[in-house]
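Each chain, letter by letter, is given below.
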Amino acid sequence: MVSRTIRTQHGGRATGRPTLEEVAARAGVGRGTVSRVINGSPRVSESARVAVQAAVAELGYVPNRAARALAANRTDAIALVVPDPEDRFFAEPYFSEIVRGVGAALAETDMQLLLTLAGGDRERRRLANYLAAHRVDGVLLVSVRADDPIPDLLEELAVPVVISGRRSGDETLAAVDADNYAGAFGAVAHLAARGRSRIGTITGRLDIYGAQCRLAGYRAALDAAGLDPAPGLIAPADFTEEGGRRAMRELLARCPGLDAVFAASDVMAAGARQVLRGAGRRIPDDVALVGFDDSAVARHMDPALTSVRQPIGEMGRTMARMLLQEITGESDRVGAGPGRSLAGSARRPQIVLPTELVIRESS
């Protein structure tokens, strides 16, 4: 059975969905001119633009989004890729704030956001096949380790990409980061200024550049305060609550007289708090505690957690704006925003946003 859409005329106007040809006829221009106006091309005279816009309004023409995307070799979709397991994604407030920021930046666009968790080899292979088929216009990549193969894959496929957090100080991709070094330095300097002299730290995964920068900031602040950054005061962890618990037990076993702890995330600080309380240590009387992120975890802890606020939502918004500009070829306009721009080509800007220490009862 073959069905046809029949269009009838009422008072000179067609019923059903107006076509591009009808808009062109009403405006008195060619079909190509209408297409250029609808797609925002500057290669149209002002009089033609006004005529086409008037015809679009009169006829109620709605562009066929799928056809436009096909003609422009676009999918109108971007992928937010998190190379971490599902349990960490849902446990770590950082990710939800990034998603919220990205969503806010895309709210006024036609772009669809696809969330992809690629925490294992099988998921990475599936992602590689998906990207190789050019099913998205670009990728936002969050929580990248130095040895992660996904960034190299994206470069091979020539897929526009912006990452959250640099892989190293020599990052070549477009990136948005928080000032991890300054944030950690300020947190530890605050503890030293409060008279704490045996300050331990619980690091994040040290194959992540941001965690390396937080450790470097910790060491520099101790040095500036004339304190000893002894290896026994440094316990590596993995940004998880259980990791915070393990690291805190390790610190207490090695340095039972420590009087402060800087944890490289609020989630790890929450784990550390449980161990400290279980060991009979009062916060902040016996041991002051500082975290990093200033997430809801920090505000809801008892006592409320002093924490380094990084503008996670703004990081997500900035990443999305940068990627959209890269997709449309306008990436040279990036950089006029908050934070500082690091050295890099105009096509691959790197933005570092400032952090702020929020002081609460735990320190």
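The structure presented is a predicted model; accordingly, all values stated were derived computationally and were not measured.

## Some words on helix α14 (residues 312-327)
Because each turn of an α-helix spans 3.6 residues, side chains separated by three or four positions end up pointing in the same direction.
Here comes step 1: When the terminal C-alpha atoms of α14 are compared, their 23 Å separation across 16 residues agrees well with the 22 Å that a helix rising 1.5 Å per residue should span.
Here comes step 2: G329 sits one or two residues past α14 and shows a positive phi near 80 degrees.

## With respect to the nonpolar core
The tendency in soluble globular proteins is for nonpolar side chains to be buried as a group.
Here comes step 1: Core analysis: the largest hydrophobic core is formed by 45 residues, its most contacted members being I202, Y218, M248 and F262.
Here comes step 2: Elements with a minimum of two residues in this core: α9 (180-193), β8 (199-203), α10 (209-224), β9 (234-236), α11 (241-254), β10 (260-263), α12 (266-278) and β11 (288-293).
Here comes step 3: The element that contributes the greatest number of residues to this core is α12, accounting for six residues.
Here comes step 4: Ignoring anything within four residues of it in the chain, the contact list for I202 reads A235, A237, G244, A247, M248, L251, V261, F262, A263, A264, M268 and A272.

## Some remarks on the sheet that holds strand β12 (residues 306-309)
Here comes step 1: Pairing is mixed across the open sheet formed by six strands, whose spatial order is β9-β8-β10-β11-β12-β15. Taken across any chain shown, the strands that pair with only one partner, and hence form the sheet edges, are β9 and β15 (356-358). Neighbour to neighbour, the strand axes of the sheet diverge by 20 degrees on average, direction disregarded.
Here comes step 2: On top of the sheet, α10 reaches β8, β9, β10 and β11; it is set at about 170 degrees to β8, its chief contact.

## Structural notes on the pairing of strand β6 (residues 161-164)
Here comes step 1: Of the two faces of β6, the one lined by V161 and I163 and the one lined by V162 and S164 are each fully buried.
Here comes step 2: The pairing of strand β5 (residues 138-142) with β6 spans four bridges and is parallel. Looking at β6, one finds that L141 is bridged to I163.
Here comes step 3: Between the parallel pair β5 and β6, the chain is carried across by helix α8 (residues 150-157), and the sense of this crossover is right-handed.
Here comes step 4: Pairing analysis gives three bridges linking β6 to strand β7 (residues 174-178), with the strands arranged parallel. Following the sheet pairing, S164 is matched in β7 by V176.

## Points about the packing of aromatic side chains
Here comes step 1: Scanning the entire structure with this criterion turns up five aromatic pairs.
Here comes step 2: On the numbers, 5.1 Å between centres and 90 degrees between planes, the contact of F89 with F90 is edge-to-face.
Here comes step 3: Take F90: its relative accessible area is 62%, and that puts it in the exposed class.
Here comes step 4: Taking the centre distance of 5.7 Å and the plane angle of 80 degrees together, the rings of Y94 and F95 count as edge-to-face.
Here comes step 5: Through a chain of ring-to-ring contacts, three or more aromatic side chains come together here, namely F89, F90, Y94 and F95.
Here comes step 6: Its guanidinium or amino end placed over the ring of F292, R214 lies 3.7 Å from that ring's centre, counting from NZ or CZ.

## A few points about the packing of helix α1 (residues 20-27) against helix α2 (residues 31-38)
Here comes step 1: In contact at an axis separation of 8 Å, α1 and α2 are set at 100 degrees when each is read in the N-to-C sense. Looking at the two axes, α1 sits roughly perpendicular to α2. Contacts between α1 and α2 involve L20, E21, V23 and A24 from the first element and R31, V34 and I38 from the second.
Here comes step 2: Taken together, the residues that form the contact of α1 with α2 break down as five nonpolar, no polar and two charged.

## Things to note about the packing of α11 against α12
Here comes step 1: The contact between α11 and α12 brings their axes to 7 Å, and the two run at 50 degrees. Taken together, α11 and α12 sit at an angle that is classed as oblique. Note that α11 runs across α12; the crossing there is right-handed. Seen from α11, the contacting residues are E241, G244, R245, M248, R249 and L252; seen from α12, they are V267, M268, G271, A272, Q274, V275 and L276.
Here comes step 2: The residue makeup of the contact of α11 with α12, split by class, is seven nonpolar, three polar and three charged.

Reading guide: rules and limits
Residues numbered from 1 in each chain as written. Predicted model: local features only at pLDDT ≥ 70, side-chain atom pairs only at ≥ 80, totals over all residues. Heavy atoms only, no water. Helix = DSSP H or I, 4+ residues; strand = E, 2+ residues; numbered from the N terminus. Expected span 1.5 Å × (residues − 1). Core = buried A, V, L, I, M, F, W, Y, C linked by side-chain atoms within 4.5 Å. Buried < 20%, exposed > 50% of the residue type's maximum accessible area, 1.4 Å probe, protein only. Contact = heavy atoms within 4.5 Å. Pairing = 2+ DSSP bridges. Axes fitted to C-alpha atoms, helices over the stretch in contact; angles between N-to-C directions. Right-handed = clockwise from strand over helix to strand, strands pointing away. Phe/Tyr/Trp six-rings, centres within 6.5 Å; stacked < 30°, edge-to-face > 60°. Lys NZ or Arg CZ within 6 Å of the ring centre and 35° of its normal. Parallel < 35°, antiparallel > 145°, perpendicular 65-115°, else oblique. Nonpolar A, V, L, I, M, F, W, Y, C, P; charged D, E, K, R; others polar. Left-handed = near helix turned anticlockwise from the far one by under 90°.

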